Amino acid sequence: MKRIVIKIGTSNLSDGEKIWIEAIERIAQSIARLSKKFEIILVTSGAVASGYTKLRLDKSKIASKQALASIGQPLLLETYRKVFEKYSILNAQILLCGHDFDSRSCTQNAKDTIEILLSNKVLPIINENDSLATAELKFGDNDRLSAHVAYYFDADLLVILSDIDGYYDKNPHQYSDAKLIKTMSFIPEENLKTNYDPHGHFATGGIVTKLIAADFLIQRGKRMFLCNGQKLEILERLLLEGIQESGTIFG
Ligand code: ADP
């Protein structure tokens, strides 16, 4: 069975005021359909935004942000648990940080756990271990974390769900004539350095971290699909019928 990592970003899950339960409902519905054909691993953001709905700490301070993540992570997973229960899908939480991919034995331990979960039809839900990771060990965004997850845990494809239809030749929020690029097999060096520009207030990655994730996977012979998390039918059409209506395939 092919293995797919799906990463869902903060902008798809929250406006900062609350976690959108409907967004989690839609992703659960899609995952329920996709898991008939694929092994799925979910990487989710949203812990800080989730914590902020309960306690208004100053997100610009790193310790407060980590505290928010530690408040928000169980709340977020509780929401996932309730929703996935309707589809009889059991969830498991795995928190990882950069360091876990530096040590071969750590990576292998995590992979062994993932294998057991997947073979028992449990959905692994991964997030960065935000409340403890220090700056040097942090990915800081789940785009690069999910690329590591896809590569080290032997996935065939990484799907990044964003607030945008795919990768454009220029920022579509600034240029109305921006054109969607449907396939990209190589990321030019200068595209990996464009200004860090997350669109949403709570988003952390921006397009550059998605390109870095794509580049990491392309260099290792893997593929990535960037598409809109509000249009999951596009993801399902690609994965279940092989038809690409929108989105960008990297690799
Ligand atoms: P998420 O929270 O879903 O990870 P981000 O806001 O971090 O999403 O990143 C996606 C945003 O990157 C888009 O909404 C857009 O504002 C911005 N962006 C900048 N340049 C481009 C581009 N060339 N193609 C697509 N998006 C771009």
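Residues numbered from 1 in each chain as written. Predicted model: local features only at pLDDT ≥ 70, side-chain atom pairs only at ≥ 80, totals over all residues. Heavy atoms only, no water.

1. So, the packing of helix H2 (residues 21-34) against helix H4 (residues 62-85)
Alright, step 1. The geometry of H2 relative to H4 is characterised by a closest axis approach of 9 Å and an angle of 50° between their N-to-C directions. Relative to H4, the element H2 lies oblique. Here H2 runs over H4; the crossing is right-handed. On H4, the residues that touch Ile-21, Ile-24, Glu-25, Ile-27, Ala-28 and Ile-31 of H2 are Thr-79, Tyr-80, Val-83 and Phe-84. (Axes fitted to C-alpha atoms, helices over the stretch in contact; angles between N-to-C directions. Helix = DSSP H or I, 4+ residues; strand = E, 2+ residues; numbered from the N terminus. Parallel < 35°, antiparallel > 145°, perpendicular 65-115°, else oblique. Left-handed = near helix turned anticlockwise from the far one by under 90°. Contact = heavy atoms within 4.5 Å.)

2. Thoughts on the confidence of the model for the protein chain
Alright, step 1. Overall, the prediction assigns the protein chain a mean pLDDT of 91, with 93% of residues at 70 or greater.
Alright, step 2. Listed scores for the predicted complex are pTM 0.93 and ipTM 0.93. (pLDDT = per-residue confidence, 0-100.)

3. Quick notes on empty space enclosed by the protein
Alright, step 1. Tallied over the full model, the rule gives one cavity of 30 Å³ or more.
Alright, step 2. In this structure, the largest cavity is lined by Ile-8, Asn-12, Ala-23, Arg-26, Ile-27, Leu-161, Gly-229 and Leu-232.
Alright, step 3. Residues belonging to the lining of the largest cavity are distributed by class as follows: five nonpolar, two polar and one charged. (1 Å grid on protein atoms, 1.4 Å probe; cavity = no way out; pocket = protein on both sides within 12 Å on 5 of 7 lines; lining within 4 Å. Points joined across faces, edges and corners; volume = space filled by probe spheres on them. Nonpolar A, V, L, I, M, F, W, Y, C, P; charged D, E, K, R; others polar.)

4. So, the pattern of salt bridges
Alright, step 1. For the coordinates displayed, the defined rule picks out 17 salt bridges.
Alright, step 2. The salt bridge partner of Arg-33 is Glu-236, with a shortest N-O separation of 2.7 Å. Pair noted here: Arg-33 is in helix H2 and Glu-236 is in helix H8 (residues 232-241), with a separation of 203 residues, a long-range link.
Alright, step 3. Across the pair Asp-58 and Lys-61 runs a salt bridge whose closest N-O atoms are separated by 3.3 Å.
Alright, step 4. Each of Arg-3, Glu-39, Lys-111, Glu-115 and Asp-154 takes part in salt bridges that share partners, so that together they form one network. (Salt bridge = Lys/Arg side-chain N within 4 Å of Asp/Glu carboxyl O.)

5. Structural notes on the pairing of strand E4 (residues 123-128)
Alright, step 1. The buried fraction of E4 amounts to six of the six residues, a majority that puts the element mostly inside the structure.
Alright, step 2. Burial of the side chains of E4 extends over both faces: Leu-123, Ile-125 and Asn-127 are buried on one face and Pro-124, Ile-126 and Glu-128 on the other.
Alright, step 3. Two strands pair when backbone bridges link them, and strand E2 (residues 38-44) and E4 are joined in this way by two bridges, in the parallel orientation. Each residue of the ladder has a partner; that of Val-43, found in E4, is Ile-126.
Alright, step 4. Where strand E3 (residues 91-96) lies against E4, six bridges are found, and the strand directions are parallel. By the bridge assignment, Leu-95 is partnered in E4 with Asn-127.
Alright, step 5. Read from E3 through helix H5 (residues 104-119) to E4, the crossover connection turns out right-handed. (Buried < 20%, exposed > 50% of the residue type's maximum accessible area, 1.4 Å probe, protein only. Pairing = 2+ DSSP bridges. Right-handed = clockwise from strand over helix to strand, strands pointing away.)

6. So, the packing of aromatic side chains
The relative placement of two aromatic rings is captured by the distance of their centres and the angle of their planes.
Alright, step 1. Counting across every chain of the model gives seven aromatic pairs.
Alright, step 2. Where Tyr-151 meets Phe-216, the ring centres are 5.9 Å apart and the plane angle is 85°; that geometry is what we call edge-to-face. Remark: Phe-216 occurs in helix H7 (residues 206-218) and Tyr-151 occurs in helix H6 (residues 142-152); sequence separation between them is 65 residues.
Alright, step 3. In this structure Tyr-151 comes out as partly exposed when scored by relative accessible area, which is 28%. (Phe/Tyr/Trp six-rings, centres within 6.5 Å; stacked < 30°, edge-to-face > 60°.)

7. Some thoughts on the environment of Asp-15
Alright, step 1. Note on placement: Asp-15 falls in the loop between helix H1 (10-13) and H2.
Alright, step 2. For Asp-15, a relative accessible area of 35% corresponds to the partly exposed category.
Alright, step 3. Between the C-alpha atoms of Asp-15 and Ala-214, which are 199 residues apart in sequence, the distance is 26 Å.
Alright, step 4. Of note is the side chain of Asp-15, whose polar atom sits 3.0 Å from the backbone nitrogen of Lys-18. (Polar contact = N/O pair within 3.5 Å; in protein donor to acceptor, adjacent residues only side chain to side chain.)

8. Brief notes about the sheet that holds E4
Alright, step 1. Ordered in space as E3-E4-E2-E1-E5-E9-E10-E8, the eight strands form an open sheet in which the pairing is mixed. Each of the sheet's edge strands pairs with one partner strand only, and the pair in question is E3 and strand E8 (183-184).
Alright, step 2. Two strands pair when backbone bridges link them, and strand E5 (residues 157-162) and strand E9 (residues 223-228) are joined in this way by six bridges, in the parallel orientation. Following the sheet pairing, Val-159 is matched in E9 by Phe-225.
Alright, step 3. Contacts from H4 reach strand E1 (2-8), E2, E3 and E4 within the one sheet, and its direction differs from that of E3 by about 155°.
Alright, step 4. This element, H5, spans E1, E2, E3 and E4 of the sheet and lies at about 165° to E3.

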